Amino acid sequence: MAEKPNELTKLVTIATDLQLAAELRTKAIEQLGSLGTHDALLALLDLAANTGLIRVEREFALKQAREIIKSAD
């Protein structure tokens, strides 16, 4: 279980690193969505609210968060 928070932290770090290629950041956001956990949902919502990120990536983070919410039904 200790690996999940570590993985989550690494993915958030990648998703917010504007020095990396957009493709890598998008892939990290996608991976957060695939985790499907409550913590991943919160991380995605934080990314969506981060005005320092590119708008398209923020919208993608919000889309991934919606998918987690839909899957909980």
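Numbers given for residues are sequential positions, taken from 1 along each chain in its written order. Under the rules for a predicted model, residues below a pLDDT of 70 receive no local features and side-chain atom pairs below 80 are neither given nor counted, while totals for whole chains, interfaces and linings still include all residues. Here the side-chain values reflect all heavy atoms present in the structure, with hydrogen atoms and water set aside.

Q: How would you sum up the pattern of salt bridges? Please name residues and give values.
A: Just to be clear on terms, a salt bridge is a Lys or Arg side-chain nitrogen sitting within 4 Å of an Asp or Glu carboxyl oxygen. Within the structure shown, the criterion is met by four salt bridges. Residues Arg-55 and Glu-59 are paired through a salt bridge, measuring 3.0 Å at the closest nitrogen-oxygen approach. In this pair, Arg-55 and Glu-59 are both assigned in helix H4 (residues 55-71), four residues apart and thus about one turn of the helix distant. Judged by relative accessible area, Arg-55 falls into the exposed class, the value being 54%. When a residue's accessible area, from a 1.4 Å probe over protein chains only, is under 20% of the maximum for its type it is buried; when over 50% it is exposed; and in between it is partly exposed. A relative accessible area of 42% means that Glu-59 is categorised as partly exposed. Between Glu-67 and Lys-70 there is a salt bridge; the shortest N-O distance is 3.8 Å. Of the two residues, Glu-67 and Lys-70 both sit in helix H4, three residues apart, roughly one turn of that helix. Secondary structure follows DSSP: runs of H or I at least 4 residues long count as helices, runs of E at least 2 residues long count as strands, and numbering of each begins at the N terminus.

Q: With reference to specific residues and values, describe helix H2 (residues 22-35).
A: Helices are assigned an expected span. That span is 1.5 Å times one less than the residue count. In a regular helix each residue adds 1.5 Å, so 14 residues correspond to 20 Å; H2 covers 20 Å between its end C-alpha atoms and thus fits that length. When H2 is considered as a whole, its buried residues turn out to be Arg-25, Ala-28, Ile-29, Leu-32, Gly-33 and Leu-35. Viewed end-on, H2 has its buried residues packed into an arc of 160°, placing them on one side of the element. With respect to the buried face of H2, the exposed residues turned more than 90 degrees away are Glu-23 and Ser-34. After H2 finishes, the residue Gly-36 shows a positive phi value of roughly 70°. By construction, the arc corresponds to the directions joining the helix axis to the C-beta atoms.

Q: Now, about the nonpolar core: what can you tell me, with residues and values included?
A: Among the nonpolar cores identified, the biggest contains 17 residues, and Leu-8, Ile-29, Leu-32, Leu-35, Leu-44, Leu-47 and Ala-61 are the most heavily contacted of them. At the level of secondary structure, the elements contributing two or more residues to this core comprise helix H1 (3-16), H2, helix H3 (38-49) and H4. The dominant element in this core, judged by the number of residues it contributes, is H3, at six residues. Note on definitions: a residue-residue contact is assigned when non-hydrogen atoms from the two residues lie within 4.5 Å. Sequence-distant contacts of Leu-8, defined by excluding residues within four places in its chain, comprise Leu-32, Leu-35, Asp-39, Ala-40 and Ala-43. Within this scheme, the nonpolar core is defined by two criteria: the residues are buried Ala, Val, Leu, Ile, Met, Phe, Trp, Tyr or Cys, and they are joined through side-chain atoms within 4.5 Å.

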